[in-house]
Amino acid sequence: MNTHTAPEPPGPAAARGSDRQAPDGDRTIRIDHLSKTFGAVRAVDDLSFTVQPGRVTGFLGPNGAGKTTTLRMLLGLVRPTSGTATIGGHTYADLDRPMHRVGAALEAASFHPGRSALDHLRVYAPQAGVPDSRCTEVLGLVGLDGVARRRVGGFSLGMRQRLALATTLLGDPGVLLLDEPANGLDPEGIAWLRAFLRHLAGEGRTVLVSSHVLSEVEQTVDDVVIIARGRLVHASSLPELAALAEPTVRVSSPDDTGLRSLVSSAGWDRLVEPAADPRPGTLVLRQVRAAEVGARAFAAGLELHELATRDVGLEGIFLRLVGDPPAGGGPRRKDGDA
Ligand SMILES: Nc1ncnc2c1ncn2[C@@H]1O[C@H](COP(=O)(O)OP(=O)(O)O)[C@@H](O)[C@H]1O
Ligand SMILES: [Mg+2]
């Protein structure tokens, strides 16, 4: 999946030439055995994964999983305890003209409340080495052109997110790191963000988007990297993650004892989802079809009050993965681009 039919890129022609022609390898993010310890807290723990250009990658994990710390290490803002975080084989500090290579919007970006959106960008434009006109251009890209001269102090969280995104685009970078960009966006804002990120990836950029809610980004991302407690628990394409979904069957009977003996005699004890529903006479079974349960209940003369197939969905898989990270076995690794 790549970049050949890229629509007109949002950047100015001058900046475009710089990074756009770089080989894709230069836009690959590589996290290699990365660890960070803050005192007693192992915020990031032997984390390894890669992020490919031309794709939107969701960097997912519950709050406190280590996402922001990983992004901060990638940007050289936090020093790794061990391991490396590189972009195109270089650490951020070693990048030539970094604002043209990497655009980053970290969580809780702070804006001077008295400054207008345009003035905020004008502060960064010299660092990025771009002309003033580029500030107006990026405001247009994120749909803030109408409020360019309004003070940021009066902006909604969604508008601030857009302004943060505009700032990352100043240097027309080939790599974008966005920390929880969907936070605070209404459904319309999320739909806009989705289309925008897909467009940016379609141009061949590497787009890494963190979120603590998979459902927020599941329609946006091509790939997922899921971490919990600083460790990798899963990395794959989104379809590969979806393939892990298995339907479950919820069954209830007024005869709790009868239901349990039916489950045992069928050899399904292992398949009972623990504590899925604590009410007596109700069980949730994995890897069994409703028809099988119904047939056995019928044969045993067991009265059923409920027999329902439930799709656990992506969010269900996500919660399962982050709630139950593999202890002994090695983490799942992403095996290159699909
Ligand atoms: N500067 C810091 N000093 C001490 N602990 C930190 C610091 N930054 C992050 N942590 C801790 O590291 C862990 C991971 O945090 P973070 O990377 O912010 O997670 P996430 O972005 O996934 O919510 C948390 O337990 C957090 O409290
Ligand atoms: Mg965070």
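Residues numbered from 1 in each chain as written. Chains lettered and ligands numbered in written order. Predicted model: local features only at pLDDT ≥ 70, side-chain atom pairs only at ≥ 80, totals over all residues.

An account of helix α7 (residues 187-202) is needed here, citing residue identities and associated values.
In this model α7 runs 22 Å from its N-terminal to its C-terminal C-alpha over 16 residues, within 8% of the 22 Å that 1.5 Å per residue would give. Looking only at α7, the buried set comprises Leu193, Arg194, Phe196, Leu197, Leu200, Ala201 and Gly202. On its buried face, α7 is in contact with β3 (56-60), β6 (175-179) and β7 (206-211). In the segment just after α7, Gly204 is the residue with positive phi, at about 95°. (Helix = DSSP H or I, 4+ residues; strand = E, 2+ residues; numbered from the N terminus. Expected span 1.5 Å × (residues − 1). Buried ≥ 20, exposed ≤ 12 C-beta atoms within 10 Å, placed from the backbone. Contact = placed C-beta atoms within 7 Å.)

Run through the environment of Thr28, naming residues and quoting values.
Note on placement: Thr28 falls in the loop between α1 (13-20) and β1 (29-38). Apart from residues no more than four positions distant in its own chain, Thr28 is found in contact with Thr50, Val51, Gln52, Pro53, Gly88 and Thr206.

Mind laying out the pairing of β6, listing which residues take part and the relevant values?
In terms of burial, β6 is a largely internal element, five of the five residues being buried. Residues Val175, Leu177 and Asp179 point to one face of β6 and Leu176 and Leu178 to the other, with burial holding for every one of them. Strand direction decides the pairing type here: strand β5 (residues 102-105) and β6, joined by four bridges, are parallel. Each bridged residue has a counterpart across the sheet, and for Gly103 the counterpart in β6 is Leu176. Bridge analysis of β6 against β7 gives five bridges, and the strand direction is parallel. By the bridge assignment, Leu176 is partnered in β7 with Val207. For the segment spanning β6, α7 and β7, crossover handedness is right-handed. (Pairing = 2+ DSSP bridges. Right-handed = clockwise from strand over helix to strand, strands pointing away.)

Explain the sheet that holds strand β4 (residues 82-87) residue by residue, including any values.
Read from one edge of the open sheet, three strands run β2-β1-β4, paired in antiparallel fashion. Among the strands making up the open sheet, the edge pair consists of β2 (41-51) and β4. Pairs of neighbouring strands in the sheet enclose a mean axial angle of 20°, with direction left out of account. By the bridge criterion, five bridges tie β1 to β4 in an arrangement that is antiparallel. Its bridge partner being in β4, Ile31 is matched across the sheet by Ala85. Helix α2 (residues 67-74) contacts β1, β2 and β4 of the sheet and is inclined by roughly 115° relative to β1. (Axes fitted to C-alpha atoms, helices over the stretch in contact; angles between N-to-C directions.)

Pulling in residues and values, what's your account of the sheet that holds strand β11 (residues 282-286)?
An order of β11-β10-β12 is seen for the three strands of this open sheet, with the pairing classed as antiparallel. The open sheet terminates on both sides in strands that have one partner only, identified here as β11 and β12 (306-310). Adjacent strand axes in the sheet meet at a mean angle of 20° when their direction is disregarded. With five bridges connecting them, strand β10 (residues 248-252) and β11 associate as antiparallel partners. Bridge assignment links Val251 to a residue of β11, and that residue is Leu283. Across the sheet, helix α11 (residues 290-300) lies against β10, β11 and β12, angled at about 165° from β12, the strand it touches most.

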